[in-house]
Amino acid sequence: MHTCAIRSVLISGGGIAGATLAHWLLRFGFKLTVVEQAKGQRSSGNVVDIRGPALPIVRSMGLLSALRKFATRATGAEIVDSSGARIAGMPGPNATRAGSEDEIEVTRADLASVLLRSCDGAEMIFGESITELSQDAGGVDVRIGSGTERRFDLLIGADGLHSITRRLIFGNSEQFVRQLGMYVGTLACPELDLDTMAVQLYNAPGRLVAIHPGRDTPGAAFIFRHHEIRDLDHRDTQHHRKLIMTTYAGDGWRVPELLDHVRNTDDLYFDAVSRVRLPRWSRGRVALVGDAASCVSVLGDGSTKAIAGAYTLAKELAGTDDHEVAFRRYQDRHKRLISSPASVWLGSSFLVPATGFGITMRNRLLRLIAR
Ligand SMILES: Cc1cc2nc3c(=O)[nH]c(=O)nc-3n(C[C@H](O)[C@H](O)[C@H](O)COP(=O)(O)OP(=O)(O)OC[C@H]3O[C@@H](n4cnc5c(N)ncnc54)[C@H](O)[C@@H]3O)c2cc1C
């Protein structure tokens with residue numbers, strides 16, 4: 001329990017980092033308000049892994065068994081060719097290590113709701129966003145939506161890749177967010193027939209399509225290389241549909257069937273795979289956590305890092321009366337977990353080889369490893 005002068009904290013964003021931070025700050029005796037833009041829980045089928053430093057944290061939050069109940073049923077992964085025949089296999093989190101404690105794969109939506117349900121005592125404001133902020137030596141004033149003005153001791157931006165908090169304190173995203181030449185679309189496909197519980201991956205040069213069995217509902221993911229799309233609006237679903245349809249037109253395997261799902265879904269997630277990098281994660285009484293502060297989206301183990309970063313920040317805030325000291329210590333400690341460009345390059349080359357030659361070599365390597 002903290003005994004310091006910091007009492008009220010506003011968290012912008014009730015996703016993975018925001019909910020984890022709220023949980024721990026409540027435990028440490030802070031007064032919490034969370035503003036979450038989404039009105040309800042959406043699921044566009046994407047799955048995330050909780051592993052490494054995040055596992056002991058969710059365990060001490062008392063959430064391990066709840067999360068295990070939501071674990072996907074995937075039994076590994078296999079690369080398939082255009083006729084659906086298996087080319088090579090890879091073990092998955094719930095296959096080789098079933099029952100062990102070193103990795104849990106869940107949908108992002110399930111993870112966020114389990115975390116949010118553990119924030120009893122926080123004031124939750126759904127369907128809103130902060131729109132303005134200013135700060136002085138004693139606190140942070142924010143406007144929520146177009147109306148309410150409120151004052152808090154601290155504001156933490158846990159509002160993801162397109163963070164409004166980051167924009168309000170540091171300015172436009174272009175300085176800090178770099179697209180990495182890959183795009184990702186995901187969607188749930190409830191009516192998809194599956195004859196395997198393995199994740200199936202199909203590659204064409206520069207393109208990947210994956211079908212994931214999920215827990216109850218299968219999902220599909222499209223990840224492809226593309227020159228930078230400068231005017232990409234992550235909310236413009238019609239544009240996203242068109243990009244996916246055009247990019248994958250004429251591809252084999254179950255792609256035509258999956259494109260029908262893309263055409264008909266009203267819940268398509270789409271974004272650029274991006275790197276967020278800022279020299280400082282805080283200014284005055286405002287700090288950033290999760291993807292808002294630093295990430296390689298989709299490929300960078302973001303959920304695990306969001307949980308770990310939120311916990312580190314909460315602990316540092318509880319450990320001192322001086323928020324600036326806490327913010328500095330949090331950044332110093334957490335930045336060690338940030339993915340190196342080399343590991344991201346390796347991961348993306350493996351998942352989405354750019355050429356036919358690259359696909360062949362990757363498959364050969366997988367077959368060799370499997371022997
Ligand atoms: C397709 C895909 C696959 C992925 N695979 C993995 C994986 O295998 N392993 C892994 O660890 N990670 C993976 N990730 C990444 C992971 O989902 C993120 O890194 C993680 O969710 C980051 O947590 P966060 O809390 O920072 O952001 P988010 O979970 O994105 O949460 C941000 C929250 O802020 C809210 N918000 C946004 N703007 C505002 C606003 N203006 N006002 C209020 N609220 C706002 C959003 O609605 C959201 O709830 C994947 C992501 C995608 C998209």
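Every value quoted in this text rests on a predicted model; they were computed, and no experiment measured them.

## A look at the packing of helix α6 (residues 237-248) against helix α7 (residues 255-264)
Part 1: Across the interface, α6 lies against α7 with an axial gap of 10 Å and an inter-helix angle of 165°. In terms of axis orientation, α6 runs roughly antiparallel to α7. For the element pair α6 and α7, the recorded crossing hand is left-handed. Contact with α6, carried on its side by R241, I244, M245 and Y248, involves V255, L259, V262, R263 and N264 of α7 and no other residues of that element.
Part 2: A per-class count over the contact of α6 with α7 returns six nonpolar, one polar and two charged.

## Focus on the nonpolar core
Part 1: Counting residues in each nonpolar core, the largest one holds 72 residues, and the members touching the most others are I11, L21, L32, I50, I156 and V289.
Part 2: Counting residues per element, this core draws most heavily on helix α1 (residues 16-27), which supplies eight residues.
Part 3: Those residues in contact with L21 that sit more than four places away from it in its chain are I11, I156, V289, A310, L313 and A314.
Part 4: Formed by 25 residues, the second largest nonpolar core is a distinct cluster that contains Y202, I211, L232 and M245.

## Considering the site of the ligand
Part 1: If you check the shell around the ligand, you find 30 residues, and the closest are A17, E36, R108, D291 and S303.
Part 2: R108 places a polar side-chain atom, nitrogen or oxygen, 2.9 Å from an oxygen atom of the ligand.
Part 3: With respect to the ligand, the backbone of D301 contributes an N or O atom lying 3.5 Å from an oxygen atom.
Part 4: Here the ligand has 1,000 Å² of accessible area as a free molecule, and 86% of this is covered by the chains.
Part 5: Ranked by residues supplied to the shell around the ligand, first place goes to helix α8 (residues 302-318) with four residues.

## Quick word on the side chain of T304
Part 1: Position of T304 relative to the elements: it lies in helix α8.
Part 2: At 3.1 Å, the side chain of T304 forms a polar contact with the backbone nitrogen of R51.
Part 3: When sequence neighbours within four positions are dropped, the list of residues in contact with T304 reads D49, I50, R51, P53 and A54.

Rules used in this analysis
- Per chain, the residues get numbers from 1 upward, laid out in the order the sequence is written.
- Two thresholds apply to this predicted model, a pLDDT of at least 70 for residue-level local features and 80 or more for giving and counting side-chain atom pairs, whereas whole-chain, interface and lining totals are computed over all residues.
- Values reported for side chains reflect all heavy atoms of the structure, with hydrogen atoms and water molecules removed beforehand.
- To obtain each axis, a line is fitted to C-alpha atoms, and for helices this fit is confined to the stretch in contact; angles are then taken between N-to-C directions over 0 to 180 degrees.
- A run of DSSP states H or I qualifies as a helix once it reaches four residues; a run of E qualifies as a strand once it reaches two. Both are numbered from the N-terminal end.
- Any angle that falls under 35 degrees is termed roughly parallel, while one over 145 is termed roughly antiparallel, one within 65 to 115 roughly perpendicular, and all others oblique.
- Left-handed describes a crossing whose near helix is turned anticlockwise from the far helix by less than a right angle; the clockwise case is right-handed.
- A contact between two residues is defined here by any heavy atoms of the two lying within 4.5 Å.
- Three classes are used: nonpolar for Ala, Val, Leu, Ile, Met, Phe, Trp, Tyr, Cys and Pro, charged for Asp, Glu, Lys and Arg, and polar for all others, with Gly counted as polar.
- We call a set of buried Ala, Val, Leu, Ile, Met, Phe, Trp, Tyr and Cys residues a nonpolar core when their side-chain atoms join them within 4.5 Å.
- Working definition: with a 1.4 Å probe on protein chains only, accessible area under 20% of the residue-type maximum means buried, over 50% means exposed, and in between means partly exposed.
- Residue proximity to a molecule or strand is established when one non-hydrogen atom of the residue lies within 4 Å of it.
- Pairs of N or O atoms are called polar contacts if they sit within 3.5 Å, as long as, within protein, a hydrogen donor faces a hydrogen acceptor (for residues adjacent in sequence, only side-chain-to-side-chain pairs).
- Surface exposure here means Shrake-Rupley accessible area, sampled with a 1.4 Å probe, where a residue is shielded only by the protein chains that are shown.

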